[in-house]
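Structural overview for review
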Amino acid sequence: MALYSEKVMDHFRNPRNVGVIEDANGIGEVGNAKCGDIMKMYLKIEDEIITDVKFETFGCGSAIASSSMATELIKGKPVSEARQLTNQAVVEALDGLPAHKLHCSVLAQEAIEAALEDYEKRK
Ligand code: FES
């Protein structure tokens, strides 16, 4: 069996929502102490709906694929729904990640969480 699913490879090769949102009203940055990778998430929220989301990462392929999928899962969704997003849901949407790469999906989920917290603070 291939180590990475086709979905992981697709999101790694063609990541969705990469970049910066200049007028973001929620920004979150997190790092993983073990691998040293960093993830930054930008949210544009209007009337409690996530109208745009972008990410930048100094992360591995799994982190890129996880963030790409995570941004797709919360785009256009209410803030309340985005708060419920788990890294498990991201992994499932990617058709799985190898066990030693699960922490990469946590990085994506935590960056979204941090961006949502930032949004709440700015309100
Ligand atoms: Fe660090 Fe994947 S190895 S995020």
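Check the entry above for the structure.
Described below are features of the structure shown in this document.

Reading guide: rules and limits
- Residues numbered from 1 in each chain as written.
- Predicted model: local features only at pLDDT ≥ 70, side-chain atom pairs only at ≥ 80, totals over all residues.
- Heavy atoms only, no water.
- Core = buried A, V, L, I, M, F, W, Y, C linked by side-chain atoms within 4.5 Å.
- Buried < 20%, exposed > 50% of the residue type's maximum accessible area, 1.4 Å probe, protein only.
- Helix = DSSP H or I, 4+ residues; strand = E, 2+ residues; numbered from the N terminus.
- Contact = heavy atoms within 4.5 Å.
- Salt bridge = Lys/Arg side-chain N within 4 Å of Asp/Glu carboxyl O.
- Pairing = 2+ DSSP bridges.

**Quick notes on the nonpolar core**
Within the largest apolar cluster, 31 residues are counted, with the highest numbers of intra-cluster contacts made by Leu43, Ile50 and Ile74. Of all the secondary-structure elements, those providing two or more residues to this core are strand 2 (38-46), strand 3 (49-58), helix 2 (61-74), helix 3 (79-83), helix 4 (87-93) and helix 5 (102-122). With eight residues, the top contributor of residues to this core is helix 5. Beyond its immediate stretch of four places on either side in the chain, Ile74 contacts Leu43, Ile50, Val53, Ala82, Leu85 and Ile112.

**Notes on the pattern of salt bridges**
One pass over the full model with this rule turns up nine salt bridges. Its salt-bridge partner being Asp118, residue Arg122 comes within 3.0 Å of it at the nearest N-O pair. Placement of the pair is Arg122 and Asp118 together in helix 5, with a separation of four residues, close to one helical turn. Residue Glu120 pairs with Lys123 through a salt bridge whose shortest N-O separation is 3.2 Å. Take Glu120: its relative accessible area is 31%, and that puts it in the partly exposed class. Of the residues examined, Lys123 reaches a relative accessible area of 60% and is grouped as exposed. Each member of the salt-bridge network shares a partner with another, and the members are Glu48, Arg83, Glu120 and Lys123.

**Regarding the pairing of strand 1 (residues 26-31)**
Where burial is concerned, the two faces of strand 1 differ: the one with Gly26, Gly28 and Val30 is buried and the one with Ile27, Glu29 and Gly31 is not. Relative to strand 2, strand 1 is paired through six bridges, and the arrangement is antiparallel. The residue bridging Gly28 from the neighbouring strand is Met41, located in strand 2. In textbook terms, the turn of a hairpin is the stretch between consecutive antiparallel strands, and for strand 1 and strand 2 this stretch comprises six residues, one of which, Gly36, has a positive phi near 80°.

Everything listed here is a matter of geometry and, on its own, says nothing about what the molecule does.
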